[in-house]
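Summary of the model geometry
So the chains spell out like this:
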Amino acid sequence: MKTSFFEMRFFYALFFKLSLKQALFLPFIIDYRLMKSFSILFFFLLTSFAFSQSQSIDVQNITAHVTINPDEKQISADYRFSFLTKSKLDTVFLDAKNLENIKFVNTEFEIYNSGNKLFFIGNFKKDKSYTFDFSYQVKPKQTVYFIKKLPEHDNSAQVWTQGQGKYTSHWLPSLDDMTDKIIFNLSYTFPDQYELTANGALVSEEKNENLLTRHFEMKNPMSSYLVAFAVGNFKAVRDTTDSGVPLKMYLPEQYNDYFRFTYQNYNEIFSILEDKIGVAYPWQNYKQVPVRDFLYAGMENTGLTIFSEEFIVDEISYNDQNFTNVHAHELAHQWFGNSITEKSSVHHWLQEGFATYFALLVEQELFGNAYFENQLFEDAEQLKLASDRGEGEKIMSKNASSLTYYKKGAWALHALRNRIGDAVFFDSVKDFLNQNAYQIVEVDDFLKIVEEKSGQSMLDFKKEWLLQTSFPAEEALSILGKSEFIDQLFKLKLKRGKPLKDKILLIKNALLSRHNAFLGPEAVLQIIPEKGSQREDLLYLAFSTGNIETRQFLAKNLKQISKDLKEKYEDLLKDQSYVTREHALLNLWMNFPEDRRDYLAQMKGQEGTIHKNIELLWLMLKVTTEKSKEARKAFHQLTDYTDSAYAYQIKRQAFIYLFQIDKLTDQSIINLSKDLNHSVWRYRNFVKQLLTELIKDQNHRADIIKLLEKDQLSNKEKVKDILKV
Ligand SMILES: [Zn+2]
């Protein structure tokens with residue numbers, strides 16, 4: 001643990017029973033030997049503050065009026081913190097990062113701001129309630145993200161939060177320890193050209209000139225990492241679930257037409273989950289909002305899921321990447337994680353394993369058994385592979401990968417269900433949730449209930465599934481092997497590498513099967529490396545199935561297109577999948593140079609996904625194919641898409657294409673340098689890698705140094721680091 005100079009001085013004061021003021025004015029010189037002999041005590045003092053103080057106080061309420069200033073990227077607030085003491089105390093703290101201009105209203109207590117925590121020092125009596133009122137300002141370094149407006153849409157700027165892993169105390173003083181549950185009642189003031197949504201029930205709102213204020217109330221306590229808000233040009237569709245829970249589903253207004261396919265099956269998803277879980281939805285309402293440049297796929301803030309705009313889809317992109325799984329996963333967390341919350345990450349299974357498994361159960365209802373079994377099979381394959389490589393991890397461990405917490409976690413539940421039967425399984429889940437609602441839980445709390453209900457010991461299950469690093473593949477396979485679809489899939493997979501003549505019937509059956517969405521790609525995988533007329537016939541059949549997944553697999557993997565299949569292949573440009581169209585366009589362009597202009601004419605004006613997968617490819621091909629005025633326009637458009645205001649998915653693809661055709665200009669490099677501190681780390685790494693790659697070329701290196709000298713690049717220190725100058 002690392003601690004700041006000022007925090008050390010504070011503990012020094014505590015230790016020597018000096019007043020804080022005295023300590024701050026003491027020359028801070030501690031003899032090394034003295035330090036050493038006291039270090040254990042310091043450590044003790046530190047840790048006693050670093051962990052939960054829920055043993056000594058009971059935080060009743062955090063009430064705050066938060067003002068969001070998107071232009072200044074600033075948060076300010078009037079804040080109230082109320083708690084009840086469980087014992088006599090001399091210090092109480094709040095996690096609070098980098099607060100400025102803190103002003104207290106009448107307090108007899110001494111206040112100390114370490115930059116990380118606010119300490120309240122004085123004589124707190126036992127069983128007494130205390131309230132602190134203060135105001136502050138903060139420019140959050142993380143947790144609140146201010147997203148620029150898009151060049152083509154006014155008011156498209158966004159502000160949103162990500163608490164998990166990022167700490168809410170960067171904008172709202174609270175207790176970062178997830179085992180401290182608090183009732184948050186928050187109000188927000190924001191510029192009225194935007195919409196704002198937040199946790200809890202909206203109880204009132206008022207307008208004051210160009211500012212709108214909304215007051216939200218919550219009934220039940222939650223951990224601080226689940227506090228959230230989102231501001232943007234959102235429009236909501238409202239509905240109520242069959243069980244009476246109010247729903248609000250938001251979209252940025254430019255995507256109004258995308259509602260139906262983005263939120264496809266929203267009613268069914270909700271009722272299937274309520275039905276499987278068997279416990280009423282634990283919060284006042286449920287809202288979902290997609291945002292730009294989100295750090296993950298989705299985040300289950302209490303009653304308010306924030307998710308990546310990648311899942312905004314129309315009827316075509318629905319087939320490429322739909323929201324169903326993430327939708328169900330985040331909703332399941334409202335029970336598993338938000339109502340019951342893990343004691344520590346050792347018990348992460350109770351959140352991620354359960355959310356993953358219950359989302360899969362929703363998909364099983366919506367998409368069928370073959371989908372469900374195929375998913376379990378693919379996950380098992382991945383887990384077995386990791387396990388065989390010696391990379392297996394225990395589910396019950398502190399820092400496991402998401403493969404372990406999510407996929408192995410879901411598999412553990414499937415295996416448990418198989419061992420104890422459906423009735424006991426679902427009954428145990430229900431009792432577990434009911435008995436522990438809004439509380440902190442451990443894995444054993446759940447297993448104890450299972451033991452009571454099943455009359456079976458859970459020791460073996462715990463040992464084999466939760467505490468073993470390797471994946472119990474045999475048990476998994478024996479559970480899966482019971483189905484007809486899996487039988488068909490296994491038989492087909494076993495034919496890999498066998499001569500084509502020995503498996504023609506099997507491959508034909510796979511392509512024509514009602515499960516060809518899962519069997520078709522495997523069949524095509526085995527046809528492609530073959531030779532001769534039988535291969536051509538089977539490929540022709542694969543194209544003719546009309547199955548989207550099989551055809552997408554062809555578009556991605558059949559790189560050499562024979563004259564005989566050309567016409568069939570060209571049909572892929574019209575498939576109900578933007579991913580298929582993108583791959584098909586590129587492949588046709590490569591295979592048939594004489595037809596390039598025709599293909600470009602045919603695909604002109606198609607945007608593709610909201611991150612423009614077809615348009616970006618089209619622009620790149622246009623630049624490469626022609627030397628026309630239109631081609632120059634295409635080049636400028638492609639360069640414009642590297643502007644820092646665009647979603648990182650668009651910029652990344654534009655940078656890749658410009659790099660591939662070696663047409664990155666000074667302007668693109670200036671834009672690239674701006675993203676060296678982008679908040680999405682995967683993209684930030686990409687930017688770093690691209691710059692590293694670029695400077696291997698002496699001309700680019702010289703250009704970049706020139707831009708640096710002319711002071712035109714952002715994040716200059718980072719650029720210098722990469723250049724090693
Ligand atoms: Zn999750």
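Our structure's up above, just so we're on the same page.
None of these values were measured; they are calculated from a predicted model.

1. Remarks on the packing of helix 20 (residues 578–591) against helix 22 (residues 613–625)
For the pair helix 20 and helix 22, the least separation of the axes is 9 Å and the interaxial angle reads 10°. Taken together, the axis directions place helix 20 and helix 22 in an arrangement best described as roughly parallel. Helix 20 and helix 22 meet at a crossing whose hand is left-handed. Listed contacts from helix 22 to Y578, V579, R581, E582, L585, L586 and W589 of helix 20 are N613, I614, L617, L621, T624 and T625. Of the residues assigned to the contact of helix 20 with helix 22, the class counts are eight nonpolar, three polar and two charged.

2. Quick notes on the coordination of the zinc ion
The zinc ion binds to the protein through H329 (NE2), H333 (NE2), E352 (OE) and E352 (OE), with metal-donor distances spanning 2.0 to 2.7 Å. Every donor counted, the four donor atoms about the zinc ion form angles of 52 to 148° at the centre, which fits irregular coordination. In primary-sequence terms, the residues that donate to the zinc ion follow H-x3-H-x18-E. With H329 and H333 both in helix 6 (residues 324–333), this residue pair falls four residues apart, about one helical turn. Assessed through its relative accessible area of 0%, H333 is described here as buried.

3. Observations regarding the packing of aromatic side chains
Throughout the structure, instances matching the rule amount to 60 aromatic pairs. When the centroid spacing of 4.8 Å and the interplanar angle of 40° are considered together, the rings of Y79 and F134 count as tilted. A residue pair is termed long-range when its members are at least 10 positions apart, and Y79 in strand 2 (residues 74–85) and F134 in strand 7 (residues 129–138) qualify at 55 residues. Here W411 and W465 contribute two aromatic rings whose centre-to-centre distance is 6.4 Å and whose plane-to-plane angle is 10°, an arrangement assigned as stacked. Residue W411 is found in helix 9 (residues 402–420), and its partner W465 is found in helix 12 (residues 459–466); the two are separated by 54 residues along the sequence. Put simply, the rings of Y79, F81, F83, F104, F109, F120, F124, Y130, F132, F134 and Y136 pair up and form one aromatic cluster. One Lys or Arg, K97, reaches over the ring of Y167 and ends 5.7 Å from the middle of that ring.

Conventions used here
- In this convention, every chain numbers its residues from 1, walking through the sequence in written order.
- Given that this is a predicted model, residues contribute local features only at a pLDDT of at least 70 and side-chain atom pairs are listed and counted only at 80 or more, while totals for whole chains, interfaces and linings are drawn from all residues.
- In computing side-chain properties, one takes all heavy atoms of the structure into account and sets aside hydrogens as well as water.
- Angular values range over 0 to 180 degrees, each being the angle between N-to-C directions of two axes fitted as lines to C-alpha atoms, with helices fitted over their stretch in contact.
- Every helix listed is a DSSP run of H or I at least four residues long, and every strand listed is a run of E at least two residues long, numbered separately from the N terminus.
- The labels follow the angle: roughly parallel below 35 degrees, roughly antiparallel above 145, roughly perpendicular from 65 to 115, and oblique for the rest.
- For a crossing to be left-handed, the near helix must be turned anticlockwise from the far one by less than a right angle; the clockwise case is right-handed.
- Two residues qualify as a contact provided that any one of their heavy atoms is within 4.5 Å of a heavy atom in the partner residue.
- Three classes are used, and their members are as follows: Ala, Val, Leu, Ile, Met, Phe, Trp, Tyr, Cys and Pro are nonpolar, Asp, Glu, Lys and Arg are charged, and the others, Gly among them, are polar.
- Sites may look incomplete because water is not among the atoms; the donors themselves are N, O and S atoms within 2.8 Å of the metal, or within 3.2 Å for Na, K and Ca.
- Square planar and octahedral sites, with four and six donors, are those where opposite donors lie more than 155 degrees apart and all other angles lie between 65 and 115, tetrahedral sites have four donors with every angle between 85 and 135 degrees, and the rest are irregular.
- Residue exposure (1.4 Å probe, protein chains only): buried if accessible area is under 20% of the type maximum, exposed if over 50%, otherwise partly exposed.
- Pairing of aromatic rings covers Phe, Tyr and Trp, the last counted by its six-membered ring, and requires centre-to-centre distances within 6.5 Å; plane angles under 30 degrees mean stacked, over 60 mean edge-to-face, and any other angle means tilted.
- Criterion for a charge above a ring: Arg CZ or Lys NZ at most 6 Å from the ring centre, at most 35 degrees from the ring normal.

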